Amino acid sequence: MQALVAVVMGSKSDWPTMEAAAEIMDKLQVPYHVEVVSAHRTPDKLMEFAASAADRGFKIIIGGAGGAAHLPGMIASKTRLPVLGVPVQSKALSGMDSLLSIVQMPKGIAVGTLAIGTAGAFNAGLLACQILANNDAELATRVDAFREEQTRAVLDNPDPREV
Ligand code: RP5
């Protein structure tokens, strides 16, 4: 099946964070591709990936990176596809470095930045599904069902002392 979302990350060490994006796309049955593409260690691969992403049939790119996190911005500079950036939590600065590197894009090249860590990765996957759902009624129904399930779980168990 044609992957609609490309999930790329700077290192295999980012996968424990980025798999949260895969988790929600699995649940909502959106086909995706995952790959390590490093802005610093494989710069030529990054440029080739970004330049060919639209022709490969991807509709959205999710890019996760930590530290001096250039990956999402550099990818965005070479493609018109929407890029969602996930700041991976770094050891030295707890992801503030990643966040600021990704969110502070200069005017003219857009990166949609999510929260630091697994919440951001999950929401990047969810947001990708919501964007794709604009043109996919069955996916829209699955997104609505996920949200209803989430709401129902809170309403059905409001006592904070109970698990
Ligand atoms: C970044 O450097 C990666 O995105 C990762 O978050 C960070 C550390 O990478 P490793 O040294 O663990 O490979 O490029």
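What counts, and where the lines are drawn
Residues numbered from 1 in each chain as written. Predicted model: local features only at pLDDT ≥ 70, side-chain atom pairs only at ≥ 80, totals over all residues. Near = placed C-beta within 6 Å. Nonpolar A, V, L, I, M, F, W, Y, C, P; charged D, E, K, R; others polar. Pairing = 2+ DSSP bridges. Helix = DSSP H or I, 4+ residues; strand = E, 2+ residues; numbered from the N terminus. Contact = placed C-beta atoms within 7 Å. Axes fitted to C-alpha atoms, helices over the stretch in contact; angles between N-to-C directions. Core = buried A, V, L, I, M, F, W, Y, C linked by C-beta atoms within 7 Å. Buried ≥ 20, exposed ≤ 12 C-beta atoms within 10 Å, placed from the backbone. pLDDT = per-residue confidence, 0-100. Parallel < 35°, antiparallel > 145°, perpendicular 65-115°, else oblique. Left-handed = near helix turned anticlockwise from the far one by under 90°. Arc of directions from axis to C-beta.

## So, the site of the ligand
At step 1: As a matter of local geometry, the ligand sits amid Met9, Gly10, Ser11, Ser13, Asp14, Ser38, His40, Ala65, Gly66, Gly67 and Val88.
At step 2: Its residues assigned to classes, the shell around the ligand shows 3 nonpolar, 7 polar and 1 charged.

## So, the sheet that holds strand E3 (residues 60-66)
At step 1: Taken together, 5 strands build an open sheet; the order of strands is E2-E1-E3-E4-E5 and the sheet is parallel. One side of each edge strand has no neighbouring strand; the edge strands of this open sheet are strand E2 (32-36) and strand E5 (112-113).
At step 2: Alignment of strand E1 (residues 5-9) against E2, held across 5 bridges, turns out to be parallel. Each residue of the ladder has a partner; that of Val7, found in E2, is Val34.
At step 3: Sheet strands touched by helix H5 (residues 118-133): E1, E3 and strand E4 (83-88). Its angle to E4, the strand with the most contacts, is close to 170 degrees.

## Some points on the nonpolar core
At step 1: Among the nonpolar cores identified, the biggest contains 44 residues, and Val5, Ala21, Ile61, Ile62 and Ala128 are the most heavily contacted of them.
At step 2: Of all the elements in the fold, those that place two or more residues in this core are E1, helix H1 (15-27), helix H2 (43-52), E3, helix H3 (71-76), E4, helix H4 (96-103) and H5.
At step 3: In this view, Ile62 contacts Val5, Val7, Ala21, Leu84, Val86, Ala124, Gly125 and Ala128; residues no more than four positions away in its chain are not counted.

## Focus on unusual backbone geometry
At step 1: Non-glycine residue Gln29 carries a positive phi angle of around 60 degrees.
At step 2: Here Gln29 is to be found in the loop between H1 and E2.
At step 3: On the basis of neighbour counts, which here come to 11 C-beta atoms within 10 Å, the residue Gln29 falls in the exposed class.
At step 4: With a phi close to 60 degrees, Ser94 is a non-glycine residue in the positive phi region.
At step 5: Mapped onto the fold, Ser94 is located in the loop between E4 and H4.
At step 6: Exposure remark for Ser94: the 12 C-beta atoms within 10 Å place this residue in the exposed category.

## A short note on the confidence of the model for the protein
Note: predicted coordinates in regions of low pLDDT should not be interpreted at a detailed level.
At step 1: Per-chain confidence: the protein averages 98 in pLDDT, with 100% of residues scoring 70 or above.
At step 2: Both scores are given for the predicted complex: the pTM is 0.97, the ipTM 0.97.

## Notes on the environment of Phe146
At step 1: Here Phe146 shows up in helix H6 (residues 137-155).
At step 2: On the basis of neighbour count, Phe146 is assigned to the partly exposed category, with 16 C-beta atoms found within 10 Å.
At step 3: Beyond its immediate stretch of four places on either side in the chain, Phe146 contacts Lys27 and Leu28.

## Here we look at the packing of H5 against H6
At step 1: Running from N to C, H5 and H6 point in directions that differ by 140 degrees, and their axes come no closer than 8 Å. As judged from the angle between their axes, H5 and H6 are oblique. Our pair here, H5 against H6, has a crossing hand that is left-handed. Contacts between H5 and H6 pair Cys129, Gln130, Leu132 and Ala133 from the former with Leu139, Ala140 and Val143 from the latter.

## With respect to the pairing of E1
At step 1: When you tally the buried positions in E1, you get 5 out of 5 residues, the bulk of the element.
At step 2: Alternating residues of E1 divide into Val5, Val7 and Met9 and Ala6 and Val8, and every residue in both groups is buried.

## A closer look at H2
At step 1: Listing the buried residues of H2 in full gives Leu46, Phe49 and Ala50. Buried positions in H2, seen along its axis, are confined to an arc of 95 degrees and lie on one side of it. Of the exposed residues in H2, those oriented more than 90 degrees away from the buried face are Asp44, Ala51 and Ser52.
At step 2: In this fold, the buried residues of H2 make contact with E1 and H3.

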